[in-house]
Amino acid sequence: MRKLALRDEILLQIDKAARYIGGEVNAVMKNKEDVDIRFAMAFPDVYEIGMSNLGMMILYDMFNKRDDVWCERLFSPWTDLDKIMREKHIPLFTLESQDPVKEFDFLGITLGYEMCYTNVLQLLDLSGIPLLAKERTEDDPLVIGGGACAYNPEPLAPFFDLFYIGEGEMVYGALFDAYKANQKAGGSRQDFLLKAAQIPGIYVPSLYEVTYKEDGTIKSFQPKYENVPEKVEKQLVIDMDKDYNKLEAPVVPHIKATQDRVTLEIQRGCIRGCRFCQAGMIYRPTRERDIETLKESARIMLQKTGHEEISLSSLSSSDYSHLKEIVNFLIDEFRDEAVNISLPSLRIDAFALDVMSKVQDVKKSSLTFAPEAGSQRLRNVINKGLTEEDILHGAGEAFKGGWNQVKLYFMLGLPTETEDDMKGIAHLAQKIAETYYEVVPKEQRKGKVQINVSTSFFVPKPFTPFQWAPMFREEDFIEKAKVVKNEIRSQLNQRSIRYNWHEPDVTVLEGFLARGDRRCADVILKAYEKGALYDAWSESFHYDIWKEAFKETGVDIEFYTLRERSTDEILPWDFIDAGVTKKFLIREWEQAKAETVTPNCRQKCSGCGVLKYKGGVCCESKN
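This structure is a prediction, so every number in the text was calculated from the model and none was measured.

Caption draft 1: Expanded view of the sheet that holds strand β6 (residues 202–203). The sheet built from six strands is open, its strands ordered β2-β1-β3-β4-β5-β6 with mixed pairing. Each of the sheet's edge strands pairs with one partner strand only, and the pair in question is β2 (69–75) and β6. Alignment of strand β1 (residues 37–43) against β2, held across seven bridges, turns out to be parallel. Within β2, the position partnered with isoleucine 37 by the bridge is valine 69. Packed onto the sheet, helix α3 (residues 54–64) meets β1, β2 and β3 (106–110) and runs at close to 155° relative to β2. Contacts from helix α6 (residues 172–184) reach β1, β2, β3, β4 (142–146), β5 (162–164) and β6, with the element oriented near 135° to β1.

Caption draft 2: Up close: the pairing of strand β8 (residues 218–223). Taken together, the five bridges between strand β7 (residues 208–212) and β8 define a ladder with antiparallel strand orientation. Across the sheet, the residue bridging to valine 210 is phenylalanine 221, located in β8.

Caption draft 3: Spatial organisation of empty space enclosed by the protein. Scanning the model with the defined rule gives six cavities of 30 Å³ or more in all. By volume, the largest cavity amounts to about 170 Å³. Taken together, 17 residues make up the lining of the largest cavity; nearest its centre are Met51, Met57, Pro250, Arg261 and Thr263. Of all the secondary structure elements, the ones that give two or more residues to the lining of the largest cavity are α3, β10 (262–265) and α9 (291–305). Here the residues of the lining of the largest cavity sort into nine nonpolar, six polar and two charged.

Caption draft 4: Quick look at the packing of helix α14 (residues 419–439) against helix α15 (residues 474–489). Contact geometry for α14 and α15: axes closest at 8 Å, N-to-C directions at 40°. As far as their axial angle goes, α15 and α14 are oblique. Crossing geometry of α14 relative to α15 is assigned as right-handed. Contact with α14, carried on its side by Glu419, Met422, Lys423, Ile425, Ala426 and His427, involves Lys480, Val483, Val484, Glu487 and Ile488 of α15 and no other residues of that element. Residue composition of the contact of α14 with α15, grouped by class: six nonpolar, one polar and four charged.

Caption draft 5: Structural detail: the side chain of asparagine 245. By the secondary structure assignment, asparagine 245 is in the loop between β9 (232–233) and β10. If we ignore the near neighbours within four places in the chain, the residues touching asparagine 245 are Ile58, Asp61, Met62, Lys65 and Glu169.

Scoring rules and cut-offs
Residues numbered from 1 in each chain as written. Predicted model: local features only at pLDDT ≥ 70, side-chain atom pairs only at ≥ 80, totals over all residues. Heavy atoms only, no water. Pairing = 2+ DSSP bridges. Helix = DSSP H or I, 4+ residues; strand = E, 2+ residues; numbered from the N terminus. Contact = heavy atoms within 4.5 Å. Axes fitted to C-alpha atoms, helices over the stretch in contact; angles between N-to-C directions. 1 Å grid on protein atoms, 1.4 Å probe; cavity = no way out; pocket = protein on both sides within 12 Å on 5 of 7 lines; lining within 4 Å. Points joined across faces, edges and corners; volume = space filled by probe spheres on them. Nonpolar A, V, L, I, M, F, W, Y, C, P; charged D, E, K, R; others polar. Parallel < 35°, antiparallel > 145°, perpendicular 65-115°, else oblique. Left-handed = near helix turned anticlockwise from the far one by under 90°.

Below is the structure:
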């Protein structure tokens, strides 16, 4: 029987003690004496958030299929337990064995969003691992990062021994084999890092040197040794049926997770090419999973988890070739079990009314669409590929299908944005509200229409055509939100339209972290030392701490946020080959300024560079 790391009296003091005890359905237990590698897989946020991360679940399952590896999970302790662990000197532990993280060979940290960076330091700190990689010894776990934020690892570079660039299914096996070989040969930590750097997709920050110009921009970024590659190439699954790790028995959380359901990944990548969207660029090309494989996976996962909901996961569900078939299958197959079907990431121009009406029979809820911009001009700039006619027609079809609640997501602060573009958000919401009353007869209406408008503020991300774009100051973002709010108040259907917006201070900091270089690590460390933690949570975010950190480190946030970059500037992430070429991104940046739309990948190849992978949509037969 396992001995829990936390005594009963501590578990009784803290909120949601089930976060820390492990022992869930489908959790993998092994004898640590029978494995060669112990891997602690961490998510730098609370249990409920981390347990909803599909990538983490896929890798957990994949690693544990190896007899020589035991992969265990851990998450950031919430602030109540964090305080107790520090006071009582309790080391951070994994859920499965309840052993201290310090005893493991690897600590792998998923980097899904920038606002978790101080939590990364919390994980290291509570584990008793030196925060700076250069201060670690042979007795410390190797700290490796992966996920979307690893596509600009530089703000975190001093804290990590390695980063994995790309999709985890491909080269972790080679990394584990290299580790075992190095251990057998009696090699040092440095010996392993040198070998790891030669594995495609593995980036070892300590093996590269950065120099800067007088104006603060990067002068050079070079490997220190001959056998270390100048470019780190992203790794991705090409054959989604052969190479993809088929997750069959995901761990079932003890408490309700953010995504408390079976997640069925139907495809990776996106054909659309929205110029603000990092995921749409770094996960190219679009690769679909086989429909029959998906059906079998759905049966197995629902059976092995007992979940009553299944979500079809993808960046753009509507673009999956067999969407109607898989939805109809799920409805027919699990009708008697009342399994709810969740369809996120639908495009309003590809609305399948017959399919969605069947989904509504199981559970009625509001529909979510993301026009992103209020005017056609700005939608062309961002390459959204949606006309107002598409939006109003799709909304009308939804209203005819029985919905009367719609959520609309927009961004403020996009490149070239004007006041008319901002006001266009209110006008579009008004037109959608009008559409409801035009297409649904009075006797068939289920109450008034409700339009929930939400705006976030634009953050330029690496490997997007907007990576060179400037941002705005906090006060500028607030003024933009006020323009939308005042315009909504002037609409005839204002009572049917609700409006909320994202916090601008968080947005500005996210922009700093998204495009930062190694010098930004000083700010992250200082902010953490001053108490910054759980910055992604509004109740825990204290911007004053970060302002003090900037002041004390002498780092100018506006150098990273307000400045438009030249296309010939060396960017902190230029050493990574993410598939899409810089030439393509520059062309798209110019197309944006010209308000020109680029066709999606199925309409016409735009020559982005990912054809070299010889798979996915790039190799579909074109009529």
